[in-house]
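Topology and contacts: notes
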Amino acid sequence: MLSPTVSSRQLPPLQNTPTQNTPKGPNPCPPSNLPANHFSSPSQLQQLHSHLIKSGRPLSTLPLSQVAAVCALSSPSAFSYARQIFHRAAHQPETVLWNSHLNSLASSAFPADALALFARLRRSDIAVDTFTLSFVLKACSKLSAVPLGRAVHGLVEKLGFHSDLFLLNTVLHMYASCGEMDIARLLFDKMPIRDVVTWNIMITQCTKVGEMDIARELFDSMPERSIRSWTALIAGYVQCRNPRQAIHLFHEMEAAGMRPNEVTVVAVLAACADLGALDLGRRVHGYSDQCGFQKNIRVCNTLIDMYIKCGCLEIARRVFDGMEVRSVVSWSAMIGGHAMHGHGEEALELFSRMTQAGFQPNAVTFVGLLHACSHMGLLEEGRRFFASMSRDYGISPEIEHYGCMVDLLSRAGLLEEAHEFVRNMPVEPNSVVWGALLGGARVHKSIKMGEEAIRHLSVLDPLNDGYYVVLSNIYADASRWEDVARMRRLMRDRGVKKTPGWSTVALDGVVHEFVAGESDHPQVEEIYRRWEELLEKLRHRGYVPDTSAVLLDMDDGEKEQVLYRHSEKLAVVFGLMSTPPGTPIRIMKNLRVCSDCHAALKMISEIADREIIVRDRNRFHCFRGGSCSCRDYW
DNA sequence: GTAGGGTTAG
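Residues numbered from 1 in each chain as written. Chains lettered and ligands numbered in written order. Predicted model: local features only at pLDDT ≥ 70, side-chain atom pairs only at ≥ 80, totals over all residues. Heavy atoms only, no water.

**Side note on the packing of helix H30 (residues 567-578) against helix H31 (residues 595-607)**
For the pair H30 and H31, the least separation of the axes is 10 Å and the interaxial angle reads 20°. Relative to H31, the element H30 lies roughly parallel. The chirality of how H30 crosses H31 is right-handed. Between H30, through Glu568, Lys569, Val572 and Leu576, and H31, the contact on the second element is made entirely by Asp596, Cys597, Ala600, Leu601 and Ile604. Of the residues in the contact of H30 with H31, the class split is six nonpolar, no polar and three charged. (Axes fitted to C-alpha atoms, helices over the stretch in contact; angles between N-to-C directions. Helix = DSSP H or I, 4+ residues; strand = E, 2+ residues; numbered from the N terminus. Parallel < 35°, antiparallel > 145°, perpendicular 65-115°, else oblique. Left-handed = near helix turned anticlockwise from the far one by under 90°. Contact = heavy atoms within 4.5 Å. Nonpolar A, V, L, I, M, F, W, Y, C, P; charged D, E, K, R; others polar.)

**With respect to the confidence of the model for chain A**
Confidence in the prediction of chain A, expressed as mean pLDDT, is 90, and 93% of residues score 70 or more. In the model of chain A, helix H29 (residues 556-564) stands out as the element of lowest mean pLDDT, 84, in contrast to helix H16 (residues 297-309), which has the highest, 97. (pLDDT = per-residue confidence, 0-100.)

**Notes on the pattern of salt bridges**
Under the definition given, this model contains 30 salt bridges. Salt bridges linked by common partners bring Glu451, Arg480, Asp483 and Arg486 together as one network. (Salt bridge = Lys/Arg side-chain N within 4 Å of Asp/Glu carboxyl O.)

**Quick look at the sheet that holds strand E1 (residues 502-507)**
Across the sheet, which stays open at both edges, the six strands sit in the order E2-E1-E3-E4-E5-E6 with mixed pairing between neighbours. Lying at the two open borders of the sheet, with one neighbouring strand each, are strand E2 (510-515) and strand E6 (627-628). (Pairing = 2+ DSSP bridges.)

**Section: the pairing of strand E3 (residues 585-589)**
The element E3 is extensively covered by neighbouring structure, given that four of its five residues are classed as buried. The pairing of E1 with E3 spans three bridges and is antiparallel. Its bridge partner being in E3, Val505 is matched across the sheet by Ile587. Both E3 and strand E4 (residues 612-615) contribute to a ladder of four bridges, which runs parallel. Counterpart to Ile585 in the pairing with E4 is Ile612. (Buried < 20%, exposed > 50% of the residue type's maximum accessible area, 1.4 Å probe, protein only.)

**Details of helix H23 (residues 415-424)**
Where H23 is concerned, the buried positions are Leu415, Ala418, His419 and Val422. Here the buried residues of H23 occupy an arc of 100° about the axis, which is enough to place them on one side. (Arc of directions from axis to C-beta.)

**Regarding the packing of aromatic side chains**
Following the criterion strictly, the structure yields 16 aromatic pairs and no others. For the ring pair Phe188 and Trp199, a centre distance of 5.1 Å and an interplane angle of 85° mean the geometry is edge-to-face. Of this pair, Phe188 sits in helix H9 (residues 181-190) while Trp199 is found in helix H10 (residues 196-208), placing the two residues 11 residues apart along the sequence. Classification of Trp199 by relative accessible area gives buried; the value is 10%. Relative to Tyr564, the ring of Trp531 has its centre 5.5 Å away and its plane inclined at 55°; by these criteria the two rings are tilted. Here the residue Trp531 occupies a position in helix H28 (residues 524-540), and Tyr564 occupies one in helix H29, the gap between them amounting to 33 residues. Judged by its relative accessible area of 1%, Trp531 falls in the buried class. Within the aromatic cluster, the residues linked to one another by ring pairs are Phe351, Phe366, Phe385 and Tyr393. For the cation-ring pair, Arg194 lies above Phe188, with the distance from its terminal atom to the ring centre recorded as 4.1 Å. Arg565 extends its terminal NZ or CZ atom over the ring of Tyr528, reaching a point 3.7 Å from the ring centre. (Phe/Tyr/Trp six-rings, centres within 6.5 Å; stacked < 30°, edge-to-face > 60°. Lys NZ or Arg CZ within 6 Å of the ring centre and 35° of its normal.)

**So, the protein's contact with DNA strand B**
Taken together, 39 residues are adjacent to DNA strand B, and Asn99, Asn200, Asn261, Asn301 and His371 come closest. The contact atoms of DNA strand B, taken as those within 4 Å of the protein, divide so that sugar and phosphate hold 35%. One of the side-chain nitrogen or oxygen atoms of Arg228 is found 2.7 Å away from a base nitrogen of DNA strand B. Taken together, the residues that form the surface near DNA strand B break down as 13 nonpolar, 16 polar and 10 charged. (Near = heavy atom within 4 Å. Polar contact = N/O pair within 3.5 Å; in protein donor to acceptor, adjacent residues only side chain to side chain.)

**A short note on the side chain of His566**
Within the fold, His566 resides in the loop between H29 and H30. Setting aside residues no more than four positions away along its own chain, His566 makes contact with Ala516, Cys594 and Cys597.

**Comments concerning the UniProt feature "repeat: PPR" (unreviewed entry) in chain A**
Under the feature "repeat: PPR" (unreviewed entry), the UniProt entry names residues 195-225, 226-260, 296-326, 327-361 and 362-397. Between the first and last C-alpha atoms of residues 195-225 the distance is 10 Å; the span itself is 74% helix and 0% strand. Secondary structure within residues 226-260 divides into 74% helix and 0% strand; the distance between the first and last C-alpha atoms comes to 11 Å. (UniProt positions renumbered as here; feature names shortened; annotations may be inferred.)

Spelled out as structure tokens, the structure:
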């Protein structure tokens with residue numbers, strides 16, 4: 001096989017050694033004009049090598065990075081073979097060549113290969129430098145391989161690299177990203193020199209483990225901040241669901257004269273999505289386009305999500321349509337967005353377009369699809385998707401998918417089947433799953449199933465008032481007043497506090513917040529007066545207050561007064577009186593819209609001839625002309 | 001040839 005002109009001393013026998021990534025089948029004979037980069041196994045390299053020698057061409061025409069890639073993790077003999085080639089053909093030190101390949105392995109999807117190569121380098125006499133160690137540390141970080149990372153840290157000290165800031169930062173990042181914050185902190189504190197990267201590593205990793213106060217302290221005490229420092233902290237606030245703080249910091253950053261980059265933009269848009277802050281979202285969108293960020297797929301995905309969560313499905317669609325390259329995230333965001341807005345058919349349509357375009361759906365895609373089905377009562381479609389996800393796409397259902405199925409079945413009135421489904425789930429049902437069954441029990445007035453759900457919920461999530469309220473509503477529907485009173489006592493005895501309901505409505509960039517029963521808005525007098533006027537019209541059209549949602553020990557008249565102070569009613573009235581006719585009113589609410597408000601808002605949309613868009617904790621309700629986009633299926 | 005942010009569910 002080997003050319004006789006190549007001596008076996010120069011080239012160890014390789015033809016029978018196992019190789020990685022080698023195509024099966026016979027090795028092709030080297031054609032007379034074989035290109036110098038055509039080899040994918042050590043034996044093919046050997047053929048090429050002998051061919052070069054025969055044809056008198058220099059060895060330096062071999063692509064050396066390819067030599068490293070092909071020989072690094074094959075047999076030890078292939079490794080030595082590559083070294084021989086390097087010695088003869090390379091103009092740079094051998095360490096540099098191996099380092100380069102080590103880096104590509106560490107950056108690949110299989111960083112463990114980098115560790116294997118490092119082990120081989122250590123067994124040889126090849127010198128290790130600061131670059132070698134920083135690439136190995138990168139692989140350790142990705143694999144959370146702390147013991148090996150510690151050993152490499154030891155090597156850093158032993159080889160006298162302890163004053164190399166670049167390397168020390170990599171060591172710091174290794175400990176911190178593996179969750180070893182105590183070690184990272186000790187190292188940070190005794191580092192003789194630090195730079196902005198050092199601080200940024202600490203800030204980022206603190207935010208990752210939820211230590212926002214420490215992250216903030218570090219941020220405040222660092223000698224100079226880069227855009228990455230600001231971004232890391234903003235993204236941290238977004239991550240731990242503190243979007244207000246994120247936006248506050250963003251404004252501080254702008255005041256400090258820093259220019260947001262793509263990552264900053266993503267973080268701020270995510271905060272806008274969370275808060276429903278459409279005005280800021282739009283401004284950041286404009287800035288982002290000016291900077292040419294519209295080519296960035298993550299920026300676009302986050303824009304889509306922001307517009308969806310701010311109730312602007314059409315603008316989200318425009319961003320989506322304008323994308324040159326999309327990812328599964330773009331499609332999933334659109335599918336989930338349509339589900340949230342009650343456009344089940346469009347969600348399903350998007351899914352089929354997505355698969356036709358050759359995209360593989362992931363677990364999140366199916367959460368969106370199942371939501372679409374459950375929000376629209378598409379029972380059979382939902383069952384089909386659930387079966388299809390593991391069968392056709394190899395995606396194992398997670399707790400979210402089971403939750404969607406329980407929601408779907410129980411809303412459809414198949415409470416027994418839903419219960420059976422919960423009992424047979426291969427994962428432990430959580431409060432979302434039992435909560436879905438409870439919701440179905442409410443819709444279908446099943447005391448038995450409601451009690452079964454609460455039995456589990458009072459263990460899983462004992463302080464959540466919402467569940468007790470729902471069961472109490474079921475009792476109230478059946479006129480079981482002693483049980484209603486019992487629930488009230490139970491809540492009191494367990495110390496369950498009622499979550500105050502709030503709604504916000506944004507006008508000219510100012511967010512007005514209304515809290516149920518509270519009256520500290522400057523225009524409260526006028527709001528109440530306008531509500532009374534509206535109430536007259538509502539009554540005239542047959543509105544009857546539904547007091548079943550009021551879980552308080554009081555008479556019906558008092559209960560009505562409580563209902564009339566529900567935050568979304570106040571927000572709507574304020575929106576109506578503060579905007580010109582025809583302007584859509586956008587409201588955000590922290591809880592779900594109660595049945596009474598839902599009925600009232602439908603009528604108000606007709607009486608006032610306004611579109612009212614409410615984002616509640618579950619989904620969007622778009623009230624228009626007397627009906628709601630959820631088709632009362634929420 | 002080295003180090004530090006980011007997207008869809010919740």
